[in-house]
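What follows is each chain in one-letter form.
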Amino acid sequence: MNNAIARTTALLSTCALLLTGCGGGTSTVTNSPTNSPNSSPNSTPNNTVTDTTGTTGTLSGAIPIGIAVAQTSNVALLGQEQVAGAKLAEKYFNSKGGVNGTPIKLVFQDTSGDEAGAINAFQTLINKDKVIGIVGPTLSQQAFSADPIGERAKVPIIGPSNTAKNIPEIGNYIARVSAPVSIVAPNSVKAALKQNPQLKKVAVFYAQNDAFSKSETEIFQQTVKDQGLELVTVQKFQTSDTDFQSQATNGINLKPDLVIISGLAADGGNLIRQLRELGYKGLIVGGNGLNTSNLLPVCKALCDGVLIAQAYSPEHSGEINAAFRKAYTDEYKKEPPQFSAQAFAAVQVYVEALQTLDKKSKFNKLQLPELRTELNKQILLGRYNTPLGEIGFTPIGEVVQKDFYVAQIKMEKDGSQGKFTFLK
């Protein structure tokens, strides 16, 4: 969230759950009578966001917060976890009184898995649904295209999973609760070395059509060099690929001790499976795009042993994480993943920043443009005890977080069940 000189413009539906809405209320942006309202098509039932063509007005009723994440496409393996975390946050904070007595109302728009979907979702949330801010999008690739829309409209944007380089620098209204890949990714390589100090040769695979994967692989490759390891090959693929026989064979023929994969859950899971089927027996490190339990039904028993760096642990101490963990496990009968925790944290930032702002100047007395601007300022000033631990923001909107982890996937032999086991 900085005055950048140049702005960057550039399912497998296994075990995905259809999620139902939490909470109720009505949200209206009151504008001049010359504008005609229409209901948001993706609002949760019984909760209406009145649409007008104007850009002014004050809030009446529940506070609309936009959630623009991938609910369809291969990216839905990640986005549906974000929907789950956001809805748990809506229910939790409304049960605590919302924003000083006023409930929040999440307004969902599906970004799908491409830039066009994210752009459309942002435009709808800003211009039609009149949200006070947006959590999203799922991918860094989408953020580089959609975030400038929020910046131009002066609407706060909080990225829940955008970890590529230069995301906050897109503009003054852009922040993220997802720690940059440069901080998180090296931890998994160091964990691999701890498990096998004899590692020497490394093969890297990455999705060349995904901005985050391209950014992440640069960090991984630099980490390999910094650790004195030999990078024997770099193999490219597409996030839409399902056949990795050529890349996997090329990599295996060079006899690597470690494989590092930067991609998404569906493609990454299939690549892991095919590497194992072709005989690779060494360690595998997965990037942040593979950081989801929805990976497990893709590679099943062959997921076993994969190392993935984490910005969240269900075992993190703290009252808010205990409440989040219980709510998630009660609802989904498994431990909460990082993507859900980050989405919960993003909603929490909006709620607590609004609570503080309301004590200074009643938010429902502010015109919508002024409310968005003042909220944006307050977001950057706050400190938040979230499921991720205590976080804050630098003046440009970069998250400040101190707690990070590495998990290793442990699968049942038949591949029917698995979990992320956090390393000490």
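Residues numbered from 1 in each chain as written. Predicted model: local features only at pLDDT ≥ 70, side-chain atom pairs only at ≥ 80, totals over all residues. Heavy atoms only, no water.

K.L.:
Teacher, can you tell me more about the overall build of the protein here?
P.N.:
Looking only at helices and strands, one finds 12 helices and 18 strands in the protein. When each of the 424 residues of the protein is scored for burial, the buried share is 58%. Accessible surface computed for the protein: about 16,400 Å², of which carbon and sulfur atoms make up 49%. (Helix = DSSP H or I, 4+ residues; strand = E, 2+ residues; numbered from the N terminus. Buried < 20%, exposed > 50% of the residue type's maximum accessible area, 1.4 Å probe, protein only. Areas by Shrake-Rupley, 256 points an atom, 1.4 Å probe, with all protein chains shown as cover.)

K.L.:
In this structure, what is going on with helix H3 (residues 140-153)? I would like to understand it.
P.N.:
Residue pairs three or four apart in sequence face the same way in an α-helix, which turns once every 3.6 residues. Counted at 1.5 Å a residue, the expected span for H3 with its 14 residues is 20 Å, and the 20 Å between its end C-alpha atoms agrees. Most pronounced at alanine 146, the bend in H3 amounts to some 35°, and the proline proline 148 follows within four residues. Burial analysis of H3 places 12 of its 14 residues in the buried class, the great majority of the element. Listed in full, the buried residues belonging to H3 are Ser140, Gln141, Gln142, Ala143, Phe144, Ser145, Ala146, Asp147, Pro148, Ile149, Gly150 and Glu151. Residues of H3 that are buried in the fold lie against helix H2 (115-128), strand S7 (157-159), strand S8 (174-176) and helix H6 (211-226). Where H3 terminates, the next one or two residues include lysine 154, which has phi positive at roughly 60°. (Expected span 1.5 Å × (residues − 1). Bend = angle between axes of the 7 residues up to and from the residue. Contact = heavy atoms within 4.5 Å.)

K.L.:
What exactly am I supposed to notice about the state of the cysteines here?
P.N.:
Should the sulfur atoms of two cysteines be covalently bonded, the bond is a disulfide. A complete count under the given rule lists 1 disulfide for this structure. Bridging cysteine 299 to cysteine 303, the disulfide has an S-S length of 1.9 Å. Taking the sign of the S-S torsion, 95° for the link of cysteine 299 and cysteine 303, the bridge is right-handed. We note that cysteine 299, like cysteine 303, is buried. (Disulfide = S-S within 2.5 Å.)

K.L.:
Explain the layout of surface pockets to me, please; I cannot follow it from the model alone.
P.N.:
Over the atoms, a rolled probe matching the size of one water molecule traces out where space is still vacant. Taken as a whole, the largest pocket encloses approximately 710 Å³ of empty space. As for the largest pocket, its lining consists of 28 residues, of which Leu296, Glu335, Gly418, Lys419 and Phe420 are closest to the centre. No other element matches strand S18 (residues 418-422), which puts 5 residues into the lining of the largest pocket. The residue inventory of the lining of the largest pocket, partitioned by class, reads 10 nonpolar, 10 polar and 8 charged. (1 Å grid on protein atoms, 1.4 Å probe; cavity = no way out; pocket = protein on both sides within 12 Å on 5 of 7 lines; lining within 4 Å. Points joined across faces, edges and corners; volume = space filled by probe spheres on them. Nonpolar A, V, L, I, M, F, W, Y, C, P; charged D, E, K, R; others polar.)

K.L.:
Sorry, what's going on with the packing of aromatic side chains here?
P.N.:
For any pair of aromatic rings, the description consists of the separation of the ring centres together with the inter-plane angle of the planes. All chains considered together, the criterion is met by 10 aromatic pairs. Residues tyrosine 328 and tyrosine 332 carry aromatic rings whose centres are separated by 4.7 Å and whose planes lie at 45° to one another, so their mutual orientation is tilted. Residue tyrosine 328 and its partner tyrosine 332 are both found in helix H10 (residues 319-332); the two are separated by 4 residues, about one turn of the helix. Take tyrosine 328: its relative accessible area is 3%, and that puts it in the buried class. (Phe/Tyr/Trp six-rings, centres within 6.5 Å; stacked < 30°, edge-to-face > 60°.)

K.L.:
Hey, could you run me through the packing of helix H1 (residues 76-95) against helix H11 (residues 338-360) in this one?
P.N.:
The geometry of a pair of packed helices is captured by two quantities: the angle between their axes and the separation between those axes. Viewed as axis vectors pointing N to C, H1 and H11 meet at an angle of 40°, and their least axial separation amounts to 7 Å. The angle between the axes of H1 and H11 places the two elements in the oblique class. The two elements H1 and H11 meet at a crossing, and its hand is right-handed. On the side of H1, the interface is formed by Leu78, Glu81, Gln82, Ala84, Gly85, Ala86, Leu88, Ala89, Tyr92 and Phe93, while H11 contributes Phe339, Ser340, Ala343, Phe344, Val347, Gln348, Val351 and Glu352. Tallied by class, residues from the contact of H1 with H11 come to 12 nonpolar, 4 polar and 2 charged. (Axes fitted to C-alpha atoms, helices over the stretch in contact; angles between N-to-C directions. Parallel < 35°, antiparallel > 145°, perpendicular 65-115°, else oblique. Left-handed = near helix turned anticlockwise from the far one by under 90°.)

K.L.:
Can you help me understand the sheet that holds strand S15 (residues 389-393) in this one?
P.N.:
For sheets, the rule is that strands pair by backbone hydrogen bonds, running either parallel or antiparallel. Ordered in space as S14-S15-S16, the 3 strands form an open sheet in which the pairing is antiparallel. At either end of the open sheet lies a strand with only one pairing partner, and these are strand S14 (384-386) and strand S16 (399-401). Along the sheet, successive strands turn relative to each other by an average axial angle of 35°, direction set aside. Pairing of S15 with S16 involves 3 bridges; the strand directions are antiparallel. Across the sheet, the residue bridging to phenylalanine 393 is valine 399, located in S16. (Pairing = 2+ DSSP bridges.)

K.L.:
Would you take a moment to explain the side chain of aspartate 210 for this structure?
P.N.:
Locating aspartate 210 in the fold gives a position in the loop between strand S9 (201-207) and H6. Buried charge without a salt bridge: aspartate 210, with lysine 214 as the nearest opposite-charge side chain at an N-O distance of 9.6 Å. A polar side-chain atom of aspartate 210 sits 2.8 Å from a polar atom in the side chain of serine 213. The contact partners of aspartate 210, leaving out residues within four places of it in the chain, are Leu139, Gln141, Thr239 and Leu264. (Lys, Arg positive; Asp, Glu negative; His and termini not counted. Salt bridge = Lys/Arg side-chain N within 4 Å of Asp/Glu carboxyl O. Polar contact = N/O pair within 3.5 Å; in protein donor to acceptor, adjacent residues only side chain to side chain.)

K.L.:
Honestly, the pairing of strand S13 (residues 307-310) in this entry has me stumped. Any pointers?
P.N.:
The side chains of a regular strand alternate between both faces of the sheet. Every second residue of S13 is oriented toward a common face, with Leu307 and Ala309 on one face and Ile308 and Gln310 on the other, all of them buried. Relative to S13, strand S12 (residues 283-286) is paired through 2 bridges, and the arrangement is parallel. Note on S13: the bridge partner recorded for glycine 286 is isoleucine 308. Pairing between S13 and strand S17 (residues 405-411): 4 bridges, direction antiparallel. Each residue of the ladder has a partner; that of leucine 307, found in S17, is glutamine 408.

K.L.:
Any chance you could explain the pairing of strand S5 (residues 104-110) here in plain terms?
P.N.:
With 6 of its 7 residues buried, S5 lies for the most part within the structure. Looking at chain direction, strand S4 (residues 63-69) and S5 are connected through 7 bridges and run parallel. Looking at S5, one finds that isoleucine 67 is bridged to phenylalanine 108. Regarding the hand of the β-α-β motif, the stretch spanning S4, H1 and S5 is right-handed. (Right-handed = clockwise from strand over helix to strand, strands pointing away.)

K.L.:
Would you take a moment to explain the pattern of salt bridges for this structure?
P.N.:
Proximity of charged atoms lets side chains of opposite charge pair with each other. Applying the stated criterion across every chain, the model contains 7 salt bridges. Ionic pairing is found between arginine 273 and glutamate 277, a salt bridge with its closest N-O pair at 3.3 Å. One end of the pair is arginine 273 and the other is glutamate 277, both in helix H8 (residues 265-277) and 4 residues apart, which spans about a single turn. Note that lysine 377 and glutamate 374 form a salt bridge whose closest N and O atoms lie 3.3 Å from each other. Here lysine 377 pairs with glutamate 374, and both are found in helix H12 (residues 368-381), just 3 residues apart, close to one helical turn. We classify lysine 377 as partly exposed; its relative accessible area is 47%. For glutamate 374, a relative accessible area of 27% gives the class partly exposed.

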